[in-house]
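In case you want the letters, here they are:
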Amino acid sequence: MSSPAPLSYSSYHTYSECPLRWKFLYRDRLPETPRGYFTFGRVVHSVLEEIIRPLVVPTARRVSLGDAQRTLDEWHPSGSTHSPHLEITREQLLEAYDRIWSSEGYTTPEEEARYRTLGRDLLLRYYERLVREQPHPVSVEEHLEARWDGIPIHGYIDRIDRTPDGGLEIMDYKTSRELSGEDARQSEQLSIYQVLVESNYTEPVEGLTLYHLRSLTPHRVPPRPRTALLALHDRLGSVQDGIRAEAFEPTPGRQCSRCDFQSRCPEFRPVPTSDEPRLRELVDRFETLRHDERRLEEELRKTAEELHRAAEGFGVHRIPGTRSVAIRRREETWQYSLNGIRPEVDAAGLDERLGKGTPEEVRRVLRDASVDPELRRRMAETGSRRVKWYWELDEGTPSG
Ligand code: SF4
């Protein structure tokens, strides 16, 4: 059996969305229609690479790069240990932008002109930011590979910076319209990059950043805990198994609207003409029922709320109707918010045991006599109880 090709984030993501689309792209290597916004992102990334590369001071690596490897200590050709300075001018930046610009994929000259102006503004504003807050990159657009517990992975990382504490910060530029802190917290791309950097560099990863270029906002989050990485490793493993087993099922979803392979996809095969009216009717009926379902759910929620208010007012849990009796039941859940005492929890080495901080995980630690009682008391104090009421119908009970 041939060894599987390394998974990149986009390959993993594509397979997770639709294995058949993965096959068309990565196995059959079918070309996609160029799109203006992809070209735009590529051009902006290339210009940033060009202006930031002269600032790179490479750092120690786990894998020897032979003669090409340099470290900070060796990087002072004029006897200075300072990092290089940003020397490119605004004019040079714009010259690079014009040189690298590509018209590929834009549907109209107006669309291209709009993107071109946007890119120019965005790069000039980012340039001003770079002049004021010069970064300390150890690499730009670096291709890294690793074998993560049996799974080969790889990726091109926009930038890796040295932090003031001597650690590393991974940065990925985004040219998208919107980006939030939640995107950075959820990004599996950043998680894969963290593993790649940890496998190739000796310094610790201290931060992961999605940099939103349109608003000049860095969304920075701490490195992922081991539990999150293990869960991702499982998901990557499933994708690798699927590829190895040639499991290329079409999986329709939102991604279909931007998939270039609809004409080859069985999901988009036209239904036989004779069955068309009947199927159309079924789909329309399904849509109507789904709509009714939502309306009824909303009505049910409002009725339950009104019953709840009445029950609270009369101090009862049982309200008779004509045919049955409504009985109010309660469900209790506990939440622990450990953020405020995170440093103490980490210092006690409980990070791994607490995992995602679910109530069950916290309670297990609270019951553990080997954990400092004072810390357990403080953890318990972060708990809060949530009560949820719901209604059941006792249809066998006569009313009254
Ligand atoms: S059209 Fe949809 S289901 Fe078909 S290959 Fe593309 S993404 Fe997959």
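Note that this is a predicted model, so its numbers are computed, not measured.

### Regarding the pairing of strand S3 (residues 168-174)
A regular strand places its side chains so that they alternate between the two faces of the sheet.
Here's step 1: Most of S3 sits out of view: six of its seven residues are buried.
Here's step 2: From the end of strand S2 (residues 151-162) to the start of S3, which pair antiparallel, there are five residues, and Gly 166 there has a positive phi angle of about 90°.
Here's step 3: In this structure, S3 lies alongside strand S4 (residues 205-212), joined through seven bridges in parallel fashion. By the bridge assignment, Leu 168 is partnered in S4 with Val 205.

### Topic: the packing of aromatic side chains
Here's step 1: Counted under the stated rule, the structure contains 13 aromatic pairs.
Here's step 2: Look at Tyr 106 and Tyr 115: their rings are 5.5 Å apart centre to centre, the planes differ by 45°, and that puts the pair in the tilted class. By the burial criterion, Tyr 106 is buried, and Tyr 115 matches it.
Here's step 3: Relative to Tyr 336, the ring of Trp 334 lies with its centre 6.4 Å away and its plane at 25°, an arrangement referred to as stacked.
Here's step 4: Aromatic rings pair up to connect Phe 40, Tyr 97, Trp 101, Tyr 106 and Tyr 115 into one cluster.
Here's step 5: Between the NZ or CZ atom of Arg 328 and the centre of the ring of Trp 389, over which it lies, the distance is 3.9 Å.

### A short note on helix H1 (residues 9-17)
Here's step 1: Among the residues of H1, those classed as buried are Tyr 9, Ser 11, Tyr 12, Thr 14 and Tyr 15.
Here's step 2: Contacts made by the buried residues of H1 are with helix H2 (19-27), S2, helix H7 (188-200) and helix H8 (226-244).

### Observations concerning the packing of helix H3 (residues 36-52) against helix H5 (residues 109-132)
Angle between the axes and distance between the axes: these two values describe a pair of packed helices.
Here's step 1: One way to put it is that H3 packs onto H5 with a least axis distance of 11 Å and a crossing angle of 30°. Relative to H5, H3 is oriented roughly parallel. Relative to H5, H3 is oriented so that their crossing is right-handed. Contacts between H3 and H5 pair Tyr 37, Phe 40, Val 44, Val 47, Leu 48, Ile 51 and Ile 52 from the former with Tyr 115, Leu 118, Gly 119, Leu 122, Leu 123, Tyr 126 and Leu 130 from the latter.

### Quick word on the layout of surface pockets
Here's step 1: Taken as a whole, the largest pocket spans an internal volume of roughly 2000 Å³.
Here's step 2: If you go around the largest pocket, you meet 46 residues; those closest to its centre are Tyr 9, Ser 10, Phe 38, Lys 174 and Gln 189.
Here's step 3: For the lining of the largest pocket, the class distribution of residues is 13 nonpolar, 16 polar and 17 charged.
Here's step 4: As a volume, the second largest pocket reaches approximately 950 Å³.

### Describing the site of the ligand
Here's step 1: Taken together, Cys 18, Arg 21, Thr 251, Pro 252, Gln 255, Cys 256, Cys 259, Gln 262, Cys 265 and Phe 268 make up the full set of residues near the ligand.
Here's step 2: A majority-of-atoms criterion places the ligand in the largest cavity.
Here's step 3: In terms of residue class, the shell around the ligand is made up of six nonpolar, three polar and one charged.

### Some points on the sheet that holds strand S6 (residues 318-320)
Here's step 1: In spatial order, the strands read S6-S7-S8; together these three strands make up an open sheet with antiparallel pairing. Looking at strand neighbours, the two that pair on one side only are S6 and strand S8 (383-394), the edges of this open sheet. The mean angle between the axes of side-by-side strands here comes to 25°, regardless of whether they run parallel or antiparallel.
Here's step 2: Looking at chain direction, strand S7 (residues 325-336) and S8 are connected through 12 bridges and run antiparallel. Note on S8: the bridge partner recorded for Arg 328 is Trp 391.
Here's step 3: Of the strands in this sheet, S6, S7 and S8 touch helix H9 (residues 276-314), which is tilted by about 105° from S8.

### Re the nonpolar core
Here's step 1: One finds Ile 153, Val 197 and Leu 236 to be the most contacted residues of the largest nonpolar core, which totals 42 residues.
Here's step 2: Elements with a contribution of two residues or more to this core: H1, H2, strand S1 (137-148), S2, S3, H7, S4 and H8.
Here's step 3: The residues touching Ile 153, leaving out its near neighbours within four places in the chain, are Pro 6, Leu 7, Leu 144, Glu 145, Ala 146, Trp 148, Ile 192, Val 195, Leu 196 and Leu 236.
Here's step 4: One finds Phe 40, Val 43, Val 44 and Leu 48 within the second-largest nonpolar core, a separate group that totals 29 residues.

### Some points on empty space enclosed by the protein
Here's step 1: Enumeration according to the criterion identifies one cavity of 30 Å³ or more in this entry.
Here's step 2: A volume near 120 Å³ is recorded for the largest cavity.
Here's step 3: Forming the walls of the largest cavity are 15 residues, and the residues nearest its centre are Cys 18, Arg 21, Cys 256, Cys 259 and Cys 265.

### Quick notes on the domain arrangement of the protein
Here's step 1: Taken as a whole, the protein is organised into domain 1 (9-244), domain 2 (275-311) and domain 3 (317-394).
Here's step 2: The C-alpha centroid of domain 2 is placed 45 Å from the C-alpha centroid of domain 1.

What counts, and at which threshold
Residues numbered from 1 in each chain as written. Predicted model: local features only at pLDDT ≥ 70, side-chain atom pairs only at ≥ 80, totals over all residues. Heavy atoms only, no water. Buried < 20%, exposed > 50% of the residue type's maximum accessible area, 1.4 Å probe, protein only. Helix = DSSP H or I, 4+ residues; strand = E, 2+ residues; numbered from the N terminus. Pairing = 2+ DSSP bridges. Phe/Tyr/Trp six-rings, centres within 6.5 Å; stacked < 30°, edge-to-face > 60°. Lys NZ or Arg CZ within 6 Å of the ring centre and 35° of its normal. Contact = heavy atoms within 4.5 Å. Axes fitted to C-alpha atoms, helices over the stretch in contact; angles between N-to-C directions. Parallel < 35°, antiparallel > 145°, perpendicular 65-115°, else oblique. Left-handed = near helix turned anticlockwise from the far one by under 90°. 1 Å grid on protein atoms, 1.4 Å probe; cavity = no way out; pocket = protein on both sides within 12 Å on 5 of 7 lines; lining within 4 Å. Points joined across faces, edges and corners; volume = space filled by probe spheres on them. Nonpolar A, V, L, I, M, F, W, Y, C, P; charged D, E, K, R; others polar. Near = heavy atom within 4 Å. Sits in = over half its atoms within 2 Å of the grid points. Core = buried A, V, L, I, M, F, W, Y, C linked by side-chain atoms within 4.5 Å. Domains from an automatic or database assignment.

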